[in-house]
Amino acid sequence: MTYEELKKEMEKYPETMSAGERMQKYEAMANIFGYTTAQWRNDVKVHIDVIKRRQEEFNIGGLASGLRLRTMAQAVGSEIYFPEVGIDRVIKPVLTDYSMLPELMKDNPKKNPVFLAVLQRGIDLKMAFPEMGIAMPVAGPFTNASLIRPVEMILRDTVRNPEKLNDLLKWTVDYTIAYAEMFADEFGGGGCTICDPISCADILGKRNYRKFSHPWLEYLVEGLTQTLGKKPGIHICGKTSPLWDDMLKLKVSSFSVDNMENLADARDKMGPVFGLVGNVAPVDVMLNGTIDDVIETCKQCIINGSEAENGYTLGTGCQVPIGTSRENFDAFIFAARKYGRGARKGMLPLGIVEEAANEVVMNKA
Amino acid sequence: MATKEELLQKMSDMVFEMEDEEIADVCEEYIEAGYDALDGILHGLVDGMNRASEMYDQEEYFVTDLLLCSDAMYAGLDVLRPHLPEDASVGEAKKAVIGVVEGDTHDIGKNLVKIMMETAGFEMFDLGRDVPLDSFVEKAKEVDADLIMMSTLMTTTMPGMKEVINKLKEQGIRDSIKVMVGGSPISQKYADDIGADGYSRNAVEAVEVAKRLCGVE
């Protein structure tokens, strides 16, 4: 299908979804609207324009003001590189020696300039879009720790320095919850998503997930739920199925499934407990795929995910990469409208059922 | 006094069990007893690392375990290496240039691949992270490499891999050097699309792919 054909097809399927069901991908969206990542990051007017155009052109709403993956690391002194276009990265983690930890722990998060700036951005956005809801992302404990202390040291700490590692992990959670309190004081609570890429089975493995990640995730979930008045959702990148038995004990509202995992397996195993989100491949499909690849993958995801007992939301398996085309965003939205039409919790949507019925009729004819 | 076999077994076990502190003493004991350093490396240290790889394949060991095993292996190598005779260089070993492509500094995966490749007997030239694309080509020419291995975690830096392949073509040396790519956003499909020779999902698998591409038994 060409982009022109897609646009004509889209007219047949009117908007029916709520704001919560849509992709909130700022960096990739900023890129589509002709802004660099740095412009979006540094200039609140650009940020506001991205949200405005996202609403006008894609009908996607919703605000976010929280701790992105590297925000806490930056707040406590890790050196971060912010490219003009692209995702920021840690250049020099601050905690190379545990003797520095007591000093770091003296920092008051509620007076930390990085946290205050993040909160201020949320205040500015909310002022510009008072009708939109505002949510806060946070990074998971093991991910935060790995951006504050070099990841290879952290991994060795699991055997050589477990007590110090636990001190660090607990501190990251307390610090994160302090931001949630700042957020709740300002906005009165809201939704939250925990993103924890380093906790995946590929890096940490099941044994260390159980020992060092899961207990602190439970502590974080409890703190966020109490502070924000809602259970958070969670996303762990990469392979997670070896962790699912443990993850089922987390009192979260939703689980966003990475594209490395099988969505149908997640539906059967995790669906009875959590709402599920996922898992269109961000790189092979959204960034590098054709319009038809995006549509077909979305359709398969809806088929595999929609019968999840606690509900299913079509989403990408991880962050949408910068450079993803407008055409592919539109294809995603088109597929969500076409195949997600008549969505019913725990059941295949009418969009899928009717197409299957039509195919049967066509074949008989 | 311990026999050679007993000491080799002990060295292998210490690597496998991540004992990076006492392994130096055992290696000293092995050398003082007059046993061959190369045998110590291959049948002691590397044997332990190979056992760790098998456990990784069976999902009993994880990245953390491989790192700690490699700490023990390198602690042992520090003792044994100086006792290798001068002509016991890697000789026929295949050479591979490895690095994280320009614009990216995430290197834990690359480091792990390097460790496993060294364990498997490849001579590795590590360019580190955030490596300018030309450096891959220059280094490969300088050392007459059999293989270039590139890694990235970022989608924004993935196209650099294709550029390196193009540079190899421009210089007329693409056919004489195999190219492998890896990293979280990379897939077999992406590797095929950019014309790389190989892709692997993890460090242990990378060695198997590298061996196949370089015709190593």
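On a predicted model such as this, the values are computed, not experimentally measured, just so you know.

(A) How the structure looks around the sheet that holds strand S6 (residues 233–235) of chain A. Residue and element names in this part refer to chain A. Strand order in the open sheet formed by 7 strands is S1-S4-S5-S6-S7-S8-S9, with parallel pairing between adjacent strands. Pairing within the sheet leaves two strands with one partner each, and these edge strands are strand S1 (63–64) and strand S9 (312–316). As paired strands, S6 and strand S7 (residues 254–257) are joined by 3 bridges and run parallel to one another. Note on S7: the bridge partner recorded for His 235 is Ser 256. The strands that helix H15 (residues 291–305) touches are strand S8 (275–280) and S9; relative to S9, the one it contacts most, it runs at about 145°.

(B) Focus on the domain arrangement of chain B. Residues and elements named next belong to chain B. Looking at the assigned domains, one finds that chain B contains domain 1 (4–83) and domain 2 (95–214). A C-alpha centroid distance of 27 Å is found between domain 1 and domain 2. Listed by partner, the interface residues are 12 residues for domain 1 and 8 residues for domain 2. With both sides pooled, the region where domain 1 packs onto domain 2 buries about 930 Å², and carbon together with sulfur makes up 75% of that total. Among the residues of domain 1 in contact with domain 2, Tyr 56, Leu 66 and Tyr 74 are the three that bury the most area, contributing 38% of the side total. At the junction of domain 1 and domain 2, the tally comes to 0 salt bridges. At the boundary of domain 1 and domain 2, one finds 1 residue pair in polar contact (both at pLDDT 80 or more). Of all elements in the fold, only helix H3 (37–57) and helix H4 (63–80) reach the threshold of two or more residues within the side of domain 1 that touches domain 2. When its residues are assigned to classes, the side of domain 1 that touches domain 2 shows 8 nonpolar, 3 polar and 1 charged.

(C) View of the sheet that holds strand S5 (residues 198–199) of chain B. Residues and elements named next belong to chain B. Within the open sheet, the 5 strands sit side by side as S2-S1-S3-S4-S5. Their pairing is parallel. Bordering the open sheet on either side are strand S2 (123–126) and S5, each of which pairs with just one other strand. Where strand S1 (residues 95–100) and S2 come together, 4 bridges link them in parallel fashion. Paired with Ala 96 across the two strands is Met 124, which belongs to S2. Of the strands in this sheet, S1, S2 and strand S3 (147–151) are in contact with helix H6 (residues 133–143), which crosses S1 at around 165°.

(D) Molecular detail of the domain arrangement of chain A. Residue and element names in this part refer to chain A. On domain assignment, one finds that chain A holds domain 1 (1–16 + 278–365) and domain 2 (62–252). The distance between the C-alpha centroids of domain 1 and domain 2 comes to 31 Å. Residue-level contacts link 4 residues of domain 1 with 5 residues of domain 2. For the interface between domain 1 and domain 2, the tally reads 1 residue pair in polar contact (both at pLDDT 80 or more). Residue composition of the side of domain 1 that touches domain 2, grouped by class: 2 nonpolar, 2 polar and no charged.

(E) Layout of the interface of chain B and chain A. Contacts between chain B and chain A engage 29 residues on the former and 28 residues on the latter. Each partner contributes to the roughly 2200 Å² buried at the junction of chain B and chain A, and carbon and sulfur atoms together form 51% of this total. When the buried surface of chain B facing chain A is broken down by residue, Phe 62, Thr 64 and Leu 68 of chain B rank first, second and third, together holding 22% of it. Across the chain B-chain A interface, the total number found is 4 salt bridges. In this structure, Arg 156 of chain A engages Asp 71 of chain B in a salt bridge whose closest nitrogen and oxygen atoms are separated by 2.5 Å.

(F) Broad picture of the pairing of S8 of chain A. Residues and elements named next belong to chain A. Most of S8 sits out of view: 5 of its 6 residues are buried. Direction of pairing for S7 relative to S8: parallel, over a ladder of 4 bridges. Each residue of the ladder has a partner; that of Ser 256, found in S8, is Val 277. For the segment spanning S7, helix H13 (residues 263–270) and S8, crossover handedness is right-handed.

(G) Broad picture of the side chain of Thr 324 of chain A. All names here are of chain A. By the secondary structure assignment, Thr 324 is in the loop between S9 and helix H16 (326–339). Take Thr 324: its relative accessible area is 1%, and that puts it in the buried class. Side-chain polar atoms of Thr 324 contact the backbone oxygen of Pro 321, separated by 2.7 Å. Contacts of Thr 324, omitting those with residues within four sequence positions, involve Ile 32, Met 286, Leu 287 and Phe 329.

Rules behind the numbers
- Residues numbered from 1 in each chain as written.
- Chains lettered and ligands numbered in written order.
- Predicted model: local features only at pLDDT ≥ 70, side-chain atom pairs only at ≥ 80, totals over all residues.
- Heavy atoms only, no water.
- Pairing = 2+ DSSP bridges.
- Helix = DSSP H or I, 4+ residues; strand = E, 2+ residues; numbered from the N terminus.
- Contact = heavy atoms within 4.5 Å.
- Axes fitted to C-alpha atoms, helices over the stretch in contact; angles between N-to-C directions.
- Domains from an automatic or database assignment.
- Buried area = accessible area lost by both parts, 1.4 Å probe.
- Salt bridge = Lys/Arg side-chain N within 4 Å of Asp/Glu carboxyl O.
- Polar contact = N/O pair within 3.5 Å; in protein donor to acceptor, adjacent residues only side chain to side chain.
- Nonpolar A, V, L, I, M, F, W, Y, C, P; charged D, E, K, R; others polar.
- Buried < 20%, exposed > 50% of the residue type's maximum accessible area, 1.4 Å probe, protein only.
- Right-handed = clockwise from strand over helix to strand, strands pointing away.

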